[in-house]
Amino acid sequence: MDLTRRQALALSAGAVAFAVSSLQLRPAAADAAAANKTLMEFTGGKTPQSGKVKLSAPQIAENGNTVPVSVSVDSEMSASSYVQSVMLLAEGNPNPTVVTFNFTPMSGAASATTRMRLAKTQNVIAVAKMSDGSVYMDKKEVKVTIGGCGG
Amino acid sequence: MATAKPRVKVPATAAAGEVITIKTLINHKMETGLRKDKKGKPIPRSIINKFTCEFNGKPVFSSDIDPAISANPYFEFNAKVTESGTFKFTWVDDDGSVYTHEQSITVK
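For clarity, every value in this text was computed on a predicted model and none was experimentally measured.

Analysis parameters
- Residues numbered from 1 in each chain as written.
- Chains lettered and ligands numbered in written order.
- Predicted model: local features only at pLDDT ≥ 70, side-chain atom pairs only at ≥ 80, totals over all residues.
- Heavy atoms only, no water.
- Core = buried A, V, L, I, M, F, W, Y, C linked by side-chain atoms within 4.5 Å.
- Buried < 20%, exposed > 50% of the residue type's maximum accessible area, 1.4 Å probe, protein only.
- Contact = heavy atoms within 4.5 Å.
- Helix = DSSP H or I, 4+ residues; strand = E, 2+ residues; numbered from the N terminus.
- Pairing = 2+ DSSP bridges.
- pLDDT = per-residue confidence, 0-100.
- Axes fitted to C-alpha atoms, helices over the stretch in contact; angles between N-to-C directions.
- Phe/Tyr/Trp six-rings, centres within 6.5 Å; stacked < 30°, edge-to-face > 60°.
- Salt bridge = Lys/Arg side-chain N within 4 Å of Asp/Glu carboxyl O.
- Buried area = accessible area lost by both parts, 1.4 Å probe.
- Polar contact = N/O pair within 3.5 Å; in protein donor to acceptor, adjacent residues only side chain to side chain.

It is worth spelling out the nonpolar core at this point. Leu88 of chain A together with Phe87 and Phe89 of chain B are the most contacted members of the largest nonpolar core, which has 56 residues in total. With sequence-adjacent residues up to four places away left out, Phe87 of chain B is seen in contact with Val10, Ile20, Ile22, Cys53, Glu54, Phe55, Ala79, Val81, His101, Glu102, Gln103 and Ile105 of chain B.

If you want it as structure tokens, here you go:
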């Protein structure tokens, strides 16, 4: 069967578009999916609502080896209503979990600051589990100029 | 066995019911387990995996730590103090070592 030039070009353009789109989709989807799985394990299957959690991270991190990150959750931190834990996840790191902060009413405030390693530009996620079982999250994108996973 | 030195900043005094800020740092390489040496052999993971803060024996705050926390792990957090007493901080190393530090506070 002889293809006209027009048909041959259309075929190859379609093939290239398909190849490019699948290349772009797979790595990002895999990272976010792994992070999401870990997140859902932490929440016991509950989908987090937005609100209450405030994640602060730089828009651009010059050094991926040490990126300052703060999280603060709106809560009265009384014996009857407090934040139990907050997990930080990095969607694009080889392993998504970074740290889990565990609070008690004696914390006074559900707030913590630390420094993390980010392998590349990605989303950082903070998920909070409250004493009443409710779950909240916040997400921030951090651009990383020099990746911080060593080697 | 590494010797890791902790540094902690706790205010010397506080008012009863005040929520104070505590800053902690410990020297530690936090080897992720993802790096390879010059011969291409993976360098095994070796990190501080847990940090806890207690006040007069009661838990205040703790962190379950993964390799993505930077070297010389830094944690800043809060504590509500209602009486004078002593904070006890502990850091647990993958190799089983436990580093501790205590600091007192006078609450008026």
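What follows deals with the pairing of strand β2 (residues 53-56) of chain A. All names here are of chain A. Residues of β2 alternate between two faces, with Val53 and Leu55 buried on one and Lys54 and Ser56 left unburied on the opposite face. Across four bridges, β2 lies against strand β4 (residues 67-73) in antiparallel orientation. Bridge pairing in β4 links Leu55 to Val71.

This brings us to the environment of Val53 of chain A. Residue and element names in this part refer to chain A. Tracing the sequence through the fold places Val53 in strand β2. Here Val53 falls in the buried class, since its relative accessible area comes to 7%. Put simply, Val53 and Val73 are 20 residues apart on the chain and 4.5 Å apart in space, counted from C-alpha to C-alpha.

For chain A, the mean per-residue pLDDT works out to 88, and 83% of the residues sit at or above 70. For residues 21-27 of chain A, every residue scores under 50 in pLDDT, and the model assigns this stretch zero contacts once sequence neighbours within four places are set aside.

Turning next to the sheet that holds strand β3 (residues 18-26) of chain B. Backbone hydrogen bonds hold the strands of a sheet together, and the pairing may be parallel or antiparallel. Strands sit in the order β2(A)-β4(A)-β7(A)-β6(B)-β3(B)-β1(B) across an open sheet of six strands; the sheet is antiparallel. Only two strands of the sheet have a single neighbouring strand rather than two, namely β2 of chain A together with β1 (6-9) of chain B. Across this sheet, the average inter-strand angle for adjacent strands is 15°, counted without regard to direction.

Turning our attention to the packing of aromatic side chains. All names here are of chain B. On inspection of all chains with the given rule, the structure shows 13 aromatic pairs over all chains. Plain terms: the ring middles of Phe51 and Phe89 are 6.4 Å apart, the flat faces sit at 15° to each other, and that makes the pair stacked. Residue Phe51 is located in strand β4 (residues 48-55), and its partner Phe89 is located in strand β7 (residues 85-93); the two are separated by 38 residues in the primary sequence. Each member of the pair, Phe51 as well as Phe89, carries the same accessibility label: buried. Arranged with centres 4.5 Å apart and planes meeting at 45°, the rings of Phe55 and Phe87 form a pair that is tilted. Of this pair, Phe55 sits in strand β4 while Phe87 sits in strand β7, and the two are 32 residues apart along the sequence.

Summed over all chains, the structure comprises nine salt bridges over all chains. With its nearest N and O atoms 3.6 Å apart, the salt bridge here joins Lys37 of chain A to Glu41 of chain A. Here the residue Lys37 of chain A and the residue Glu41 of chain A both occupy positions in helix α1 (residues 5-43), the gap between them amounting to four residues, near one helical turn. Among the residues examined, Lys37 of chain A registers a relative accessible area of 57% and is labelled exposed. Taking the relative accessible area as the measure of exposure, Glu41 of chain A reaches 55% and is therefore exposed. A salt bridge links Asp64 of chain B to Lys50 of chain B; its shortest N-O distance comes to 2.8 Å. Note that Asp64 of chain B is positioned in strand β5 (residues 58-65) and Lys50 of chain B in strand β4, a separation of 14 residues in sequence. A network of salt bridges, in which partner residues are shared, links Lys29, Glu31 and Arg35 of chain B.

Taken together, the contact between chain B and chain A spans 31 residues of the former and 27 residues of the latter. Buried area between chain B and chain A, summed over both chains or domains, comes out near 2300 Å², and the portion from carbon and sulfur atoms is 51%. Our count for the chain B to chain A interface comes out at zero salt bridges. Counting across the chain B and chain A interface gives 21 residue pairs in polar contact (both at pLDDT 80 or more). Secondary-structure elements contributing two or more residues to the side of chain B that touches chain A are β3, β4, β5 and β6 (74-81) of chain B. No other element matches the eight residues that β5 of chain B contributes to the side of chain B that touches chain A. Sheet topology note: the strand β7 (residues 110-116) of chain A/β6 of chain B ladder contains three bridges and is antiparallel. Within the sheet, the bridge partner assigned to Thr113 of chain A lies in β6 of chain B and is Glu76 of chain B.

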